[in-house]
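# Secondary and tertiary structure notes
Residue strings, one per chain:
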Protein chains: 2
Amino acid sequence: MTGDLARLSLNQETVRQLSLPALCEALTGLGVPGVGLWREPVQRYGPEKAARLVRDHGLTVTSLCRGGFFTAGDPAARRRALDDNRAAVDEAATVGTDTLVLVSGGLPEGSRDLAGARERVAEALAELGPYARERGVRLAVEPLHPMYASDRCVVSTLGQALALAERFPADEVGVVVDTYHLWWDERVPEQIARAGAAGRIAAFQVADWVTPLPEGVLLGRGQLGDGSVDLRAFRRAVDAAGYGGAVEVEIFNPALWERDGTEVARETAERYVRHVLG
Amino acid sequence: MTGDLARLSLNQETVRQLSLPALCEALTGLGVPGVGLWREPVQRYGPEKAARLVRDHGLTVTSLCRGGFFTAGDPAARRRALDDNRAAVDEAATVGTDTLVLVSGGLPEGSRDLAGARERVAEALAELGPYARERGVRLAVEPLHPMYASDRCVVSTLGQALALAERFPADEVGVVVDTYHLWWDERVPEQIARAGAAGRIAAFQVADWVTPLPEGVLLGRGQLGDGSVDLRAFRRAVDAAGYGGAVEVEIFNPALWERDGTEVARETAERYVRHVLG
């Protein structure tokens, strides 16, 4: 299976029951070459130590999740957010990834001004872009499903993410293509082509869409092949657009977290071969 | 308040705790001139009897909810759906409304073909349109929020609904503009203008967006003013597009259903004046 897994990366949150060392063991055991990391567990473990650990296992860190949350109206909160994002850039550079995933943030408390909030995101990108670039890190704007528009991310479509990214150089700001967030949108194939042609696809993440959605709609992502998304068509579209990078599986699902993490990693690799490749 | 309420309609499901006679009493008592009806309670009450009741109260039926669910792959299921929709058209004509709201249906079991499912919707519209038109009823395609794309409605944006409707004469097929489903989409103002110019806005429904969403995400709509939607901007946009019809409040929320229905109707009328008008 190893050749098939050459582009596979497993996002740490998919098997959050595994410690970072156990995750690295599981991935090398399976022949999965990539890992997507999250800030909180990396901070707990220590960024330098984490960097050494993944390097010693021969793993590539395909992304760090996540910075963002740029939409606060209050200047002090905005300053804190920018400081925190500079720290996230530093952590990305330390663990050796060139991709910092950004979740933009929702509407400020009491606000109904989506367009204004999207402008706050652009302002933050303008401020952070050069800082990140100097450290070899690209900001990757992730559009989240429109069901998160009020409370997590005012950037809801790949078109909106691209419109934001295109205000900046392609090596400063890219976009994340995540099947879970974008699968319903018929404009996505054309937008993937546009993003790929401009070298803007910073990351490709996969998860399946299953219903019913759980309360709060955060932890209901489906294992690959269990849901409604034509994952193979997405993968072919990003490939046809010239993207040759990692395919990162990112699933938030308590049913997966209750199982043996190494077994979930193995199942995910098999599902990847069956439903994403080919 | 009566003059302010000249365009207000209350959808029956907003106060489902009220019987049809109690609902009619409440609306006339408040000076609300319109009511949106649902098929199941109308069938239970009897369509002719319901028609007489609302007429005797001087109420206008602004829409009947709902037909649709057109996406079955199996021919027998498709035939049943079309039969049921012809019955829905008949019921709409009987209760005296010219607007039958259609929820298109989700992906067929095991399918990942969104584009194909949308074509099934177009085929059904082609078959039902003339039947409805002969009975003075227009089919109103309602785009539902993308979070319903797999299990309820493959038509997720006003742009998609318009693209479907525009294949047919404007007096056969229109669209529903519902703030709950569309508020996140920055293309909506322009699409409302396009829909209005073509005489395609068959209904304008309002509800607010509040989080966290409940499990299953069906019953989490917010009372007007409680959430993230700029309702007034929507109302101004449909007006500027030439729509002069009813503003129908349609909120599915168990917290409202637990309260006294007449009191909820009164509160809703007040919220309408405060957050939608002006």
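Within every chain, residues take consecutive numbers counted from 1 along the sequence as written. By the order in which they are written, chains take letters starting at A while ligands take numbers starting at 1. The predicted nature of this model means local features are confined to residues of pLDDT at least 70 and side-chain atom pairs, given and counted, to a pLDDT of 80 or more, with totals for whole chains, interfaces and linings taken over all residues. With hydrogens and water stripped out, all remaining heavy atoms of the structure feed into the side-chain values.

As recorded in an unreviewed UniProt entry, chain A goes by Sugar phosphate isomerase/epimerase and comes from Streptomyces albiaxialis.

## What to know about unusual backbone geometry
Note the following rule: Put simply, DSSP marks the helices as runs of H or I at least four residues long and the strands as runs of E at least two long, and each gets a number from the N terminus on. Residue burial is assigned from relative accessible area. The probe radius is 1.4 Å, only protein chains are included, and a residue is buried under 20% of its type maximum, exposed over 50%, and partly exposed in between.
Cis geometry marks the peptide bond from Thr 211 of chain A to Pro 212 of chain A; its omega dihedral reads 0°. Residue Arg 66 of chain B is bonded to the preceding Cys 65 of chain B through a cis peptide linkage, with omega at -5°. In this structure, Arg 66 of chain B sits in strand β3 (residues 60–68). Unlike most non-glycine residues, Phe 69 of chain A shows phi in positive territory, near 55°. Position of Phe 69 of chain A among the secondary structure elements: in the loop between β3 (60–68) and α4 (75–95). What makes Phe 69 of chain A partly exposed here is its relative accessible area of 35%. With a phi angle near 50°, Val 217 of chain B is a residue other than glycine that sits in the positive phi range. If you trace the backbone, Val 217 of chain B turns up in the loop between β8 (208–209) and β9 (221–222).

## A short note on the environment of Ala 72 of chain B
Residues and elements named next belong to chain B. Applied cut-off: We call two residues contacting when some pair of their heavy atoms lies within 4.5 Å.
Of note, Ala 72 is situated in the loop between β3 and α4 (75–95). Taking the C-alpha atoms as reference points, Ala 72 and Glu 109, separated by 37 residues in sequence, lie 8.4 Å from one another. Apart from residues no more than four positions distant in its own chain, Ala 72 is found in contact with Ala 77, Arg 78 and Arg 120.

## Let's talk about the interface of chain B and chain A
The condition is simple: Summed over both partners, the accessible area (1.4 Å probe) lost when two parts come together is defined as the buried area. Within this document, salt bridges are pairs made up of a side-chain nitrogen of Lys or Arg and a carboxyl oxygen of Asp or Glu, the two lying within 4 Å of each other.
Listed per partner, the contact involves 31 residues of chain B and 31 residues of chain A. Together chain B and chain A conceal approximately 2,400 Å² of surface at their shared face, both sides included; 57% is due to carbon and sulfur atoms. When residues of chain B are sorted by the area they lose upon contact with chain A, Arg 112, Trp 183 and Trp 184 of chain B head the list and together hold 24% of the total. At the junction of chain B and chain A, the tally comes to 0 salt bridges.

## Points about the relation of the copies chain B and chain A
What counts here: To line up the copies, we fit them by least squares on C-alpha atoms, keeping just the residues with pLDDT of at least 70 in both.
Mapping chain B onto chain A is achieved by rotating through 180° and translating by 0.0 Å along the same axis, at an RMSD of 0.0 Å. As the rotation angle and translation indicate, the two copies are arranged about a two-fold axis. When C-alpha positions in chain B are compared against the rotation axis, the closest is assigned to Glu 215 of chain B, at 1.9 Å. In this assembly the copies share their binding face: 100% of the residues contributing to the interface of chain B also contribute to that of chain A.

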